[in-house]
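# Working through the structure, step by step
Chain residues, written in single-letter form:
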Number of protein chains: 2
Amino acid sequence: MSTNARFDPNFTPYVVNAMGPGTPDRARVILGSLIKHIHDFAREVELTPAEWMMGVDFINSIGQISTPIRNEGHRICDVIGLESLVDEIANRIVTEQGMSPTSNVILGPFWSPNAPFRELGDSIIQDHKEGGRVTYMHGVLKDMETGAPIEGAVLDIWQASSNGQYDFQDPSQSENNLRGKFKSDKDGKFNWYCYHPTPYSLPTDGPAGVLLRLMDRSPMRPAHIHLMITHPEYATVINQIYPSDDPHLDIDSVFAVKDDLVVEFKPKKDDPKAQLDLEYNVTLALKKHHPNPNSAPPASSFERSMGGAKKPINPNNPPANL
Amino acid sequence: MSTNARFDPNFTPYVVNAMGPGTPDRARVILGSLIKHIHDFAREVELTPAEWMMGVDFINSIGQISTPIRNEGHRICDVIGLESLVDEIANRIVTEQGMSPTSNVILGPFWSPNAPFRELGDSIIQDHKEGGRVTYMHGVLKDMETGAPIEGAVLDIWQASSNGQYDFQDPSQSENNLRGKFKSDKDGKFNWYCYHPTPYSLPTDGPAGVLLRLMDRSPMRPAHIHLMITHPEYATVINQIYPSDDPHLDIDSVFAVKDDLVVEFKPKKDDPKAQLDLEYNVTLALKKHHPNPNSAPPASSFERSMGGAKKPINPNNPPANL
């Protein structure tokens, strides 16, 4: 389908060219393309006034339900695959020889910059929750090309508890529960205790729920553990790993499953502290392979909203649903 | 520019095809096209994570500043020309012989369904405001094809006062000040008293202001009088008319000026009630010429937000800027 010839072909250029000489170059590129695509969309589907007004109400509803700890705009982007796409554009690495490191996927809205450093072998479980299955997670970080172990990388891990909620969604969890940063040792190894992850639904009481129901899609995310792996010489990897038996792998509501991130949890017999074992090995690419080697580190919605300082949640007046 | 081949060509179809069988047909068309265009936009400009997050914050800010009497989502659409485009798609009439009636333009966010009927020759000025120049406005409604006068059409008129504010933006104005509905007489004639319109700025304290400054564009609207003309047999015309000497005609922030809507205000000598005279004649097309003859009448943001019942504004605590 292309632009319908019934309509004034000069209108969209007129709107784009209304930008004045003081528009920054990059803003002109981005807004020019965005306006063109929004106009092409409206002509392509012959958007009616009533449909457009539904869209206006929908856009307004996104900000109206957002709070410093609920970023519905971010969530809507996830539901339409935009965060995954932006991640691919920014971070996909394929060398001329066709080599790729461990896959990157979206950050999501729940990363915190404030996770504490912990010692290798420690647990990130500060608050035990019923149904939580303790897992001993371990692996090795290696250079994608040489296979050499990578020492001193920071592995930042975060996950929801067995109720599917992250610390700042759940007044019953202490700050930084199920969060921690670890450094790989001289052999590139890392290990810690965490939970087997739990699948959860996106909040469906807001615009994301409206959109998912309209599209007849599941709000579920497959169970996952988030990781962010950084090192001065290597391209950062942000990803999520998924149990291979999770029933939601093919219907992830935010389109963040990649084949190399699906992992096997196995029974663990020899450790009184854990019932499951997870081996997860990671390869990193030198920064020179990254399409944007100096790209800024991500800012979490949390960090952006709170100015980096977490405000305590009042347990007597918790947010109803983040 | 087209999609960059560096990126997975299967991703967008995967997201679109995630819609389930319960998706209504029209929603599938609209959302499929919208997702495709948003993805194409992101690939075309290689949208970075930081730019995307600015966009997320921007989207959230739209709803956060909106209230029952401030529809910032509607305003943002106007600033990018989307309401004008949707209006063209819905309402543009050109017969096979190339005839068009008086132009339609956007409704804008300030129409109210509650304007009272007034008698021909009455004034819509309930509250005189300093600087308001009273105008005797008159004209004839005719059939576009036959030139026959059209009796019994309803002309619904609304305008901002001399301070550039509409009644429900301004606690000093009474409800329905500068609003009124009139019926054309047996000769198709109409006449009333109103103000010469005053140019005004869109509110710039919110996202529309952010966007206009980024685009180095004026927030001004040329002075205008709104009209909505309805009749059982004729296609509705919603338009705005503009004084020919207004300096903002070429930089209208919402792209709603059309040549046939630019009018001449002339000095009036023979009427103690008015200092200016405005003749404005209108042609209407039979409904059969309209591309959507049975399209629903527009709903104002006002009507949609308030359920049709205006809530009084507390003059001791007025909204800072609507």
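Attention in this report is confined to the structure presented alongside it. Small disclaimer: the values here were computed from a predicted structure and weren't measured.

The rules behind these values
Residues numbered from 1 in each chain as written. Chains lettered and ligands numbered in written order. Predicted model: local features only at pLDDT ≥ 70, side-chain atom pairs only at ≥ 80, totals over all residues. Heavy atoms only, no water. Helix = DSSP H or I, 4+ residues; strand = E, 2+ residues; numbered from the N terminus. Buried < 20%, exposed > 50% of the residue type's maximum accessible area, 1.4 Å probe, protein only. Contact = heavy atoms within 4.5 Å. Salt bridge = Lys/Arg side-chain N within 4 Å of Asp/Glu carboxyl O. Polar contact = N/O pair within 3.5 Å; in protein donor to acceptor, adjacent residues only side chain to side chain. Nonpolar A, V, L, I, M, F, W, Y, C, P; charged D, E, K, R; others polar. Least-squares fit on C-alpha atoms with pLDDT ≥ 70 in both. Axes fitted to C-alpha atoms, helices over the stretch in contact; angles between N-to-C directions. Parallel < 35°, antiparallel > 145°, perpendicular 65-115°, else oblique. Left-handed = near helix turned anticlockwise from the far one by under 90°. Pairing = 2+ DSSP bridges. Phe/Tyr/Trp six-rings, centres within 6.5 Å; stacked < 30°, edge-to-face > 60°.

A tally of helices and strands in chain A yields 7 helices and 12 strands. For chain A, with 322 residues in total, the buried portion stands at 55%. Contacts in chain A between residues at least 24 apart in sequence constitute 75% of all its contacts with a sequence separation of at least 6.

Turning our attention to the interface of chain A and chain B. At the interface, 73 residues of chain A touch 73 residues of chain B. Remark: the boundary between chain A and chain B carries 2 salt bridges. A salt bridge links R26 of chain B to E51 of chain A; the nearest nitrogen and oxygen atoms lie 2.7 Å apart. Run the count over chain A and chain B and you get 31 residue pairs in polar contact (both at pLDDT 80 or more). Sorting the residues of the side of chain A that touches chain B by element identifies helix 1 (11-16), helix 2 (25-45), helix 3 (49-65), helix 4 (72-79), helix 5 (82-91) and helix 6 (207-214) of chain A as the ones contributing at least two each. Each residue belonging to the side of chain A that touches chain B can be placed in one class, and the counts come to 39 nonpolar, 16 polar and 18 charged.

Residues and elements named next belong to chain B. As for its placement among the helices and strands, H226 is situated in strand 7 (residues 225-231). Relative accessible area serves as the criterion here: at 2%, H226 is assigned to the buried category. Among the polar contacts made by the side chain of H226, one reaches the side chain of Y166 at a distance of 3.0 Å. A polar contact is formed between the side chain of H226 and the side chain of H224, at a distance of 3.1 Å.

Before going further, it helps to spend a moment on the relation of the copies chain A and chain B. Turning chain A through 180° and shifting it by 0.0 Å along the axis lays it on chain B, with an RMSD of 0.0 Å. This pairing of chains is accounted for by a two-fold axis. If distances are taken from each C-alpha of chain A to the rotation axis, the shortest is found for G63 of chain A, at 2.0 Å. The residues that chain A uses at the interface reappear at the interface of chain B in 100% of cases, marking a shared surface.

What follows covers the pattern of salt bridges. Pairing is possible between side chains that carry opposite charge, provided their charged atoms lie close to one another. Applying the stated criterion across every chain yields a total of 24 salt bridges over all chains. Put simply, K268 of chain B and D277 of chain B hold a salt bridge, and the shortest N to O gap is 3.5 Å. Given the relative accessible area of 17%, K268 of chain B is considered buried. Here the salt bridges do not stand alone but share partners, grouping R70, E72, R75 and D205 of chain A into one network.

This part is about unusual backbone geometry. Residue and element names in this part refer to chain B. The phi dihedral of E46 falls on the positive side, at around 50°, and the residue is not glycine. On the secondary structure map, E46 appears in the loop between helix 2 (25-45) and helix 3 (49-65). Take E46: its relative accessible area is 31%, and that puts it in the partly exposed class. Backbone geometry at F255 places phi at a positive 60°, although glycine is not the residue there. Position of F255 among the secondary structure elements: in the loop between strand 8 (234-243) and strand 9 (262-263).

On to the packing of helix 4 (residues 72-79) of chain B against helix 6 (residues 207-214) of chain B, then. Any two packed helices are characterised by the angle at which their axes cross and by the distance between the axes. All names here are of chain B. Axis separation between helix 4 and helix 6 bottoms out at 9 Å; the angle between their running directions is 20°. In terms of their interaxial angle, helix 4 and helix 6 are classed as roughly parallel. Between helix 4 and helix 6 the crossing geometry is right-handed. For the pair helix 4 and helix 6, contact is made by E72, R75, I76 and V79 and by P207, A208, L211 and L212, respectively. The residue inventory of the contact of helix 4 with helix 6, partitioned by class, reads 6 nonpolar, no polar and 2 charged.

Further remarks concern the sheet that holds strand 3 (residues 179-183) of chain B. Residue and element names in this part refer to chain B. Spatial ordering of the open sheet is given by 3-2-7-8-9, a layout of 5 strands whose pairing is mixed. Both edges of this open sheet fall to strand 3 and strand 9, since each of them pairs with a single strand only. Pairing analysis gives 2 bridges linking strand 8 to strand 9, with the strands arranged parallel. Bridge assignment links Y242 to a residue of strand 9, and that residue is V262.

Here the focus is the environment of D277 of chain A. All names here are of chain A. In this structure, D277 sits in strand 11 (residues 276-279). Those residues in contact with D277 that lie beyond four places of it in its chain are T135, Y136, H138, E264, F265, K266, P267 and K268. Looking at D277, its side chain comes within polar contact range of the side chain of H138, at 3.1 Å. Here K268 takes part through its side chain, which lies 3.5 Å from a polar atom of the side chain of D277.

Moving on to the packing of aromatic side chains. Within this structure, the stated rule accounts for 18 aromatic pairs over all chains. With centroids separated by 5.9 Å and ring planes inclined at 75°, the aromatic side chains of Y14 of chain A and F255 of chain B adopt a geometry described as edge-to-face. One end of the pair, Y14 of chain A, is in helix 1; the other, F255 of chain B, is in the loop between strand 8 and strand 9, on a second chain. Judged by relative accessible area, F255 of chain B falls into the buried class, the value being 9%. Ring geometry for F190 of chain A versus W192 of chain A: centroids 5.2 Å apart, planes at 25°, classification stacked. Looking at F190 of chain A, the relative accessible area reads 2%, which means it is buried. Taken together, F110, Y166, F168 and Y200 of chain A form an aromatic cluster joined through their ring pairs.

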